Amino acid sequence: MESLLSLSARRVASRPPLPPLPPDLFPVLFGAALATRRPLVLRELVSAWPFPVLHLQRLLGRQELLRDHPCKLCLQAVILAVVAQLRRQLEEPGRRSSLRVLDMTGLPDSAPGRTPTGMSVWSGTVALAKACLELSKHQREFQRRGSKRHKGRSGTAAAAAPQPPGVDVHADLFVNGTSYGILRDALRSGAAGPLRLKCREFQAEELSAAGIAALLESLDPAFLRRVDLRFNNLGLTGLSVILPHLSRFPQLRSLKLQYSNVDVRRPTPESAIGIRCLAGQLGMLPSLRELNLGSSRLSGNLRQILCDLRAPLESLELSFCSLLPADLAFLSQSSHAASLKRLDLSGHDFSQGLLEPLRLLLEETSASLLHLDLMECRMADAQLAALLPTLRRCRRLRFLGLYGNSLSTAALKDLLRQTVELPDLRLVVYPFPADRAPPETSGWNSEESSDLEDVSVKVDAEFAGMLADSGRSDVVWTSNPYGHKDLDFFSL
């Protein structure tokens, strides 16, 4: 139930223009305007913001509200209001504003087509880059006009008027080939401009190693916390170009290198040199706690790659990495095992030789593990039964992913009964029960698809009933591998 203050704020926000407001009411009115999608009201609030920091996620509070309500028009209104305010300050040197930092980090990514009114991280990046370029251009034009206007008799320009302090925008930036040029220009021209991008999380897709390196060199070293490079076809050669640039960022905690086309299954002198180079460069990142090498073919090389890390990892994602028993044995005996909160070993064959090394690894991680992904691992009922005693020892486990394994209804029900005692468990992504799937055919017709959906609903209802009977309605069991948000171990 909403408070009287919140209801009053929504009422005020629904009837612009706003009356004069005491500072304490700005945050609650901002949240109300965003929740009710009032871009004009947001522009008014930003233009008169009485505090040095405007942090969108913090103002919105509950994550449910954040996910449901930030519309593209509202976020654009906030950016445009800051741009308008900075333009006025350039044109009226005596004019001052309290706002120094606009924090747009942590906003949910609205995928195109799923939420048409939302703003994706890509479109938000483009909007901020355009704003930086516009203000930098306006600043140069204003300075040129002022220079001509204030030339003295000697023909030299008078001392330039002091520039307003401007606004730092803390943001998560996503760039691909389409947006590369505008972001590069914004970072280069905006560093000393009125609106300055400070990147917390940097994600790049389908860019060259040289392009990624150029953008990294333009980022403020003090802010960057995460780098996510995926689908860039870098290989060991490309990574050797990029990784040296990351040593500039002392706060870098997360590095994701999915689909980087690294394959060292067949050792060569060149690959041995590349692995040593990769290990040495990872060792130059003192704050690194999260590493994702998904879809790299690392067979037998995990020890060499992780040997120079300065501190234990808390999150390690190695999905589809063609790991060998020796790789899992190394992890079990390493300093990382006791610190891991997140472990992703999806895409490995645990039907035979890797099962016992996995069980031993889970024994070592059981005290710290919060998130375990074992999707598409060719596990059947027998393998799950062998792992269950160890899984029950993972008392802090919050997420368990088993999608894509061939498990029966009976095995899944046994898993449910034995894991309801885990106090922190909140989400299990399970596979469609193998004994309820239709026989394989050359293709399903619409009637078969409808039958399968009906069976899925019944299975969900069975599991939900079992959870309710066990007093664990707080746990969600779902067969949808994409309908949940990944655990962010930084916030734990």
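Just so you know, these numbers come straight off a predicted model, no measurement behind them.

## Focus: the confidence of the model for the chain
Then, in step 1: Considering every residue of the chain, the mean pLDDT works out to 88; 85% of them sit at 70 or more.
Then, in step 2: With pLDDT under 50 throughout, residues 62-69 is counted as low confidence; its partners more than four residues away or in other chains account for 14 contacts.
Then, in step 3: Long-range and interchain partners of residues 155-159, a stretch whose pLDDT sits below 50, account for six contacts in this model, where long-range means more than four residues apart.

## Side note on a positive patch on the surface
Then, in step 1: On the surface, a cluster of positive charge is contributed by Lys-137, Arg-140, Arg-144 and Arg-145.
Then, in step 2: Position of Arg-144 among the secondary structure elements: in helix 7 (residues 121-149).

## A look at the pairing of strand 4 (residues 195-205)
Then, in step 1: Counting buried positions over the eleven residues of strand 4 gives nine, a clear majority of the element.
Then, in step 2: Looking at chain direction, strand 3 (residues 167-175) and strand 4 are connected through nine bridges and run parallel. Looking at the pairing, Phe-174 lines up with Gln-203 of strand 4.
Then, in step 3: Note that the unit made of strand 3, helix 8 (residues 180-190) and strand 4 has a crossover that is right-handed.
Then, in step 4: Once the chain exits strand 4 it traverses helix 9 (residues 209-217) before rejoining the sheet at strand 5 (residues 226-230), and the crossover so formed is right-handed.

## Quick word on the side chain of Glu-205
Then, in step 1: You can see Glu-205 is positioned in strand 4.
Then, in step 2: One buried charged side chain, Glu-205, makes no salt bridge at all; its nearest oppositely charged neighbour is Arg-230, positioned 4.2 Å away.
Then, in step 3: Only 3.4 Å separates the side chain of Glu-205 from the side chain of Gln-203, close enough to count as a polar contact.
Then, in step 4: Excluding residues within four positions of it along the chain, Glu-205 makes contact with Phe-174, Val-175, Asn-176, Gly-177, Arg-230, Phe-231 and Asn-232.

## Points about the packing of helix 10 (residues 235-246) against helix 11 (residues 269-282)
Then, in step 1: Two elements in contact, helix 10 and helix 11, have axes separated by 10 Å at closest approach and are oriented at 25°. Taken together, the axes of helix 10 and helix 11 lie roughly parallel to each other. Our pair here, helix 10 against helix 11, has a crossing hand that is left-handed. Counting all contacts with helix 10, which are made through Leu-236, Leu-239, Ser-240, Leu-243 and Pro-244, the residues of helix 11 involved are Ser-271, Gly-274, Ile-275, Cys-277, Leu-278 and Gln-281.
Then, in step 2: Broken down by class, the residue content of the contact of helix 10 with helix 11 amounts to seven nonpolar, four polar and no charged.

## Here's the deal with helix 10
Then, in step 1: The end-to-end C-alpha separation of helix 10 is 17 Å, in line with the 16 Å expected for twelve residues at 1.5 Å each.
Then, in step 2: Regarding helix 10, the residues found buried are Gly-235, Leu-236, Gly-238, Leu-239, Ile-242, Leu-243 and Leu-246. Along helix 10, the residues classed as buried sweep out an arc of 145° about the axis, all on the same side.
Then, in step 3: Among the structural elements, helix 9, strand 5, strand 6 (254-256) and helix 11 are those in contact with the buried residues of helix 10.

Cut-offs used in this document
- Residues numbered from 1 in each chain as written.
- Predicted model: local features only at pLDDT ≥ 70, side-chain atom pairs only at ≥ 80, totals over all residues.
- Heavy atoms only, no water.
- pLDDT = per-residue confidence, 0-100.
- Contact = heavy atoms within 4.5 Å.
- Patch = residues over 30% accessible without salt bridge, like charges linked within 9 Å, V, L, I, M, F, W, Y side chains within 5 Å.
- Areas by Shrake-Rupley, 256 points an atom, 1.4 Å probe, with all protein chains shown as cover.
- Salt bridge = Lys/Arg side-chain N within 4 Å of Asp/Glu carboxyl O.
- Lys, Arg positive; Asp, Glu negative; His and termini not counted.
- Charge placed at Lys NZ, Arg CZ, Asp CG, Glu CD.
- Helix = DSSP H or I, 4+ residues; strand = E, 2+ residues; numbered from the N terminus.
- Buried < 20%, exposed > 50% of the residue type's maximum accessible area, 1.4 Å probe, protein only.
- Pairing = 2+ DSSP bridges.
- Right-handed = clockwise from strand over helix to strand, strands pointing away.
- Polar contact = N/O pair within 3.5 Å; in protein donor to acceptor, adjacent residues only side chain to side chain.
- Axes fitted to C-alpha atoms, helices over the stretch in contact; angles between N-to-C directions.
- Parallel < 35°, antiparallel > 145°, perpendicular 65-115°, else oblique.
- Left-handed = near helix turned anticlockwise from the far one by under 90°.
- Nonpolar A, V, L, I, M, F, W, Y, C, P; charged D, E, K, R; others polar.
- Expected span 1.5 Å × (residues − 1).
- Arc of directions from axis to C-beta.

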